[in-house]
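A closer look at the structure
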Amino acid sequence: MKFKVNNEEVFASTGGRPFDKNKPLIIFVHGSGLTHMTWVLQTRYFAFHGYSVLALDMPGHGLSGGKSLKSIEDMADWINSVIDAVGYKEASLVGHSQGCLVTIECTSRYPDKIKTLSLMGGAGAIPMNAELLSLAENNDPKAVDLMMDWAHGPAGHFGGHPVPGLYHINTGGMLAKSRTIKDTLGVDFRACDNYKNGFEAAKKIKIPTLSILATDDKMCPVKEGKKLADLIEGSKVDIIDNCGHMMLLEEADRVLKVLKKFITTHYPPLNT
Amino acid sequence: MSDKTKKGTEAKTYKFDTLSLHAGYQPHKNAGSRQVPIYQTTSYLFDDVDHAAALFNLERGGHIYSRISNPTVGVLEERVASLEGGTAALATSSGMSAIFLTVMTLCEAGDHLVVSSQLYGGTVNLFRLTLPKFGIKCTFVKPRDTEGFKKAIQKNTKGIFGELVGNPGNEIMNMPEIAKIAHDAGIPLIVDATYQTPYLCKPFEHGADIVIHSLTKWMAGHGSSMAGILVEGGKFDWMQNDKFPTMTKPYEGYHGLSFAEEFGPTAFTMKARAEGMRDFGPCLSPQNAWNVLQGIETLSVRMKKHCSNAEEMVKYLLGHESVAWVSHPSVPDHPDHELAKKLLPNGRGSMIAFGIKGGKDAGVAFINNVKLASHLANVGDTRTLVIHPASGTHSQMDEATLKFAGLSHDMIRLSVGIEDIDDIKNDFEVGFRAARKPRLVSNQ
């Protein structure tokens, strides 16, 4: 669906169901340079099982209007504005990679609004490789190729997509190239590199939090994810073997199973 | 980002020959079986009712019924997608069913397609005679008439279709220019690249949006199994205009799903499978998928030999007293010689058309007297194949259609195999001798 935040058009997938304000809201926040489509193997399930879902295209990404936001802090405030814009007082947040930084910061800033936090491939900081950052800011498609290489584990490099016939690396690459690379990936990478408040923000989080990490994640390795999780009171950690940073697609079923148990326990669905 | 990401700026994703052997398959998820298992099954257990409902509603990935998808077939689909540089693929029971499924995913009754005139005879009949029965009309344009493709586009045109190198005349579509024409009109370019395989040409790099293969040919390569596939490039924006409502609007068949919104760069394949395989059902058998996978493992090795043998045969035929003309993109005076260099840098393919002196009678005598070359209705076998199109593959065409398709009665279509080149030449000498005296030589 489309709606406006700060006078700019926002697109969010509702998981194939009409948006229903009577149901608890889950907001999915994508990683650097990507779009709402990375969440398709989680969002449709929740949308058909008692939740209202918004898998956002961040400003300047995917089908959303406006320009990419330049800092993680601005993105966190923007998520808060999304919640207001759709008429909710609270929501559950799910983030991937950069989306983890955004949702951590958002949760620390708006503790009364956020009911659960789910982090996939998250870390307290995501400093960028200087050459990768430079390639992305210079609009070089090689930045996408490198990101796809490093972001995928065995399922990405060899294959075995949970949806028959889909090929991970080329699909991810096409998503990351759907808009101008320097305006999406370049801005996002710089925002990640500049963000220094992740560990401090994590210490303020007091809501149920889940971290899903993957053993073959080169972008946000398990030890970095654990370091972050250790700072969040009562945080749960789930580690997936033989999987890379794109666990939400590479091991979509496993992610959905863990996510479903966590969210339905702490933020129950509306039984319809 | 960890130190592991700081080792260099070249992506370490696997390259063509490695993907040919490994893409789409992880042994540790299949009992450690090094070979791809043949999942000879119709259906798959659901964990519970919720799991079943989620699979049917495309909430989760997985297999339901082998008409829709099958794990062995899935490996093949991912492997071909990886080799083509595509986002997704859908394998079918034959190349013809891949074309039909593509058209039915793209078009509705009342729609129109612009189609290259130089196609396999069966494909011509599909577009000329069968699709009109579904309310889908086509305008044929000669493959070298690039401007003609532009002029033929109508308000209800939903795509341009052609064989990259036409069958059997070896005319080459100017794919980059025709892709631009299609994209300026907001429609996709669909290319049948059966003759090339991704080893010789990757059409997505030249603007194609959907690539089709008859996998029966060079991809499988051994003349053992029928199979087809459609591959999606992922770049085409279905939401750029209102021409493709079945891709962009809520679809009743999946609780209001918009394929373009939910699946973006894989939307076409998702729709082709969810709707087309569900409703038409031209599924590929797992055994045939496995046979094709065996062929793909040696694709680059075979294609090199096919192409080198073809170039030798071109030289041989050009210098032969019984040959009136030779059509192959490697020949310098072929009208598309320069274009072929650009589009087919790894080789110009192994299909040769040549005219035999003496016309139809000589052609028939030649075909009837070669012994090593097989006379049959196929191309892309490891073995050398010959046919006389006017009396074989294109025999259902009338005289005018034959002429429009660029066919003549003296034409022999040659699919060069990977036998020893001297043996192929020696066999052709027998055929040519018979052709020079067609009435004096026995057919047997």
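Just so it is clear, the structure is predicted and the values come from calculations on it, not from any experiment.

Before going further, it helps to spend a moment on the overall build of chain A. Within chain A, the secondary structure is distributed over twelve helices and eight strands. For chain A, whose C-alpha radius of gyration is 17 Å, the value lies close to the compact-globule estimate of 19 Å for 272 residues. In terms of principal-axis extent, the alpha carbons of chain A reach across some 45 × 40 × 40 Å. Every one of the 272 residues in chain A was classed for burial, and the buried ones make up 65%. Sequence separation of 24 or more characterises 77% of the internal contacts of chain A that already satisfy a separation of 6 or more. Accessible area for chain A stands at about 9,200 Å²; split by element, carbon and sulfur atoms hold 48% of it. Each charge class in chain A can be summarised by its mean position, and for the 30 positive and 30 negative side chains these summaries are 4 Å apart.

This part covers the sheet that holds strand β11 (residues 385-387) of chain B. Residues and elements named next belong to chain B. Overall, mixed pairing links the five strands, which are arranged β8-β9-β12-β11-β10 in an open sheet. The outermost strands of the open sheet, each flanked by one partner alone, are β8 (323-327) and β10 (374-375). Across two bridges, β10 lies against β11 in parallel orientation. Each bridged residue has a counterpart across the sheet, and for S374 the counterpart in β11 is L385. Sheet strands in contact with helix α13 (residues 299-318) are β8, β9 (351-356) and β12 (411-415), and its direction is about 10° off that of β9. Where helix α17 (residues 421-436) meets the sheet, it contacts β8, β9, β11 and β12, and its direction lies at approximately 25° from that of β9.

A few words on the sheet that holds strand β6 (residues 114-120) of chain A. The strands making up a sheet are joined through hydrogen bonds of the backbone, oriented either antiparallel or parallel. All names here are of chain A. Here eight strands make up an open sheet; going across it, the order is β1-β2-β4-β3-β5-β6-β7-β8 and the pairing mixed. Edge positions in the open sheet fall to β1 (2-5) and β8 (236-240), since each of these has one partner strand only. Between one strand axis and the next, the sheet turns by 25° as a mean value, whatever way the strands run. Here five bridges tie strand β7 (residues 209-214) to β8, and the two strands are oriented parallel to one another.

As a further point, take the interface of chain B and chain A. At the interface, 54 residues of chain B touch 50 residues of chain A. Roughly 4,400 Å² of surface becomes buried between chain B and chain A when both sides are summed, with 57% attributable to carbon and sulfur atoms. Across the chain B-chain A interface, the total number found is four salt bridges. The partner of E251 of chain A in a salt bridge is K29 of chain B, with the nearest N and O atoms 2.9 Å apart.

Residues and elements named next belong to chain B. By the assigned domains, chain B splits into domain 1 (13-295) and domain 2 (300-436). Computed over C-alpha atoms, the centres of domain 1 and domain 2 are 29 Å apart. Contacts between domain 1 and domain 2 engage 41 residues on the former and 45 residues on the latter. When the two sides are added together, the surface that domain 1 and domain 2 hide from each other amounts to roughly 3,300 Å², 59% of it contributed by carbon and sulfur.

It is worth spelling out unusual backbone geometry at this point. The residue N242 of chain A is not glycine, and still its phi comes out positive at about 50°. Summarising the element assignment, N242 of chain A is placed in the loop between β8 and α11 (247-250). Residue A31 of chain B is not a glycine yet carries a positive backbone phi of 60°.

Procedures and definitions
- Every residue gets a number counted from 1 within its own chain, in the order that chain's sequence is written.
- All chains are assigned letters beginning with A, and all ligands numbers beginning with 1, in the order in which they are written.
- Since the coordinates come from a predicted model, pLDDT governs what is reported: local features require at least 70, and pairs of side-chain atoms require 80 or more to be given and counted, while whole-chain, interface and lining totals use all residues.
- Side-chain metrics in this entry use all non-hydrogen atoms of the structure; hydrogen atoms and water are not considered.
- Each helix is a run of H or I in the DSSP string that is no shorter than four residues. Each strand is a run of E no shorter than two, and both are numbered from the N terminus.
- In this setup the radius of gyration rests on C-alpha atoms only. A globule is expected at 2.2 Å times the number of residues raised to 0.38.
- Throughout, exposure labels follow a simple rule: accessible area from a 1.4 Å probe, protein chains only, divided by the maximum for the residue type, with under 20% read as buried, over 50% as exposed, and the rest as partly exposed.
- Every residue pair with non-hydrogen atoms within 4.5 Å of one another is taken to be in contact.
- Values of accessible area rely on a 1.4 Å probe in the Shrake-Rupley scheme; residue burial ignores everything except the protein chains shown.
- Positive charges come from Lys and Arg, negative ones from Asp and Glu, while His and the chain ends are left out of the count.
- Charged side chains are reduced to one point each, which is NZ for Lys, CZ for Arg, CG for Asp and CD for Glu.
- Each pair of strands is called paired provided DSSP finds at least two bridges between the two strands.
- Fitted lines through C-alpha atoms serve as axes, helices being fitted only where they are in contact, and the angles separating the N-to-C directions of these axes extend from 0 to 180 degrees.
- For any pair of parts, buried area is found by adding up, for both, the accessible area (1.4 Å probe) each one loses once the two are put together.
- Whenever Lys or Arg places a side-chain nitrogen within 4 Å of a carboxyl oxygen from Asp or Glu, that contact is recorded as a salt bridge.
- Where each domain begins and ends is defined by an automated method or by a domain database.

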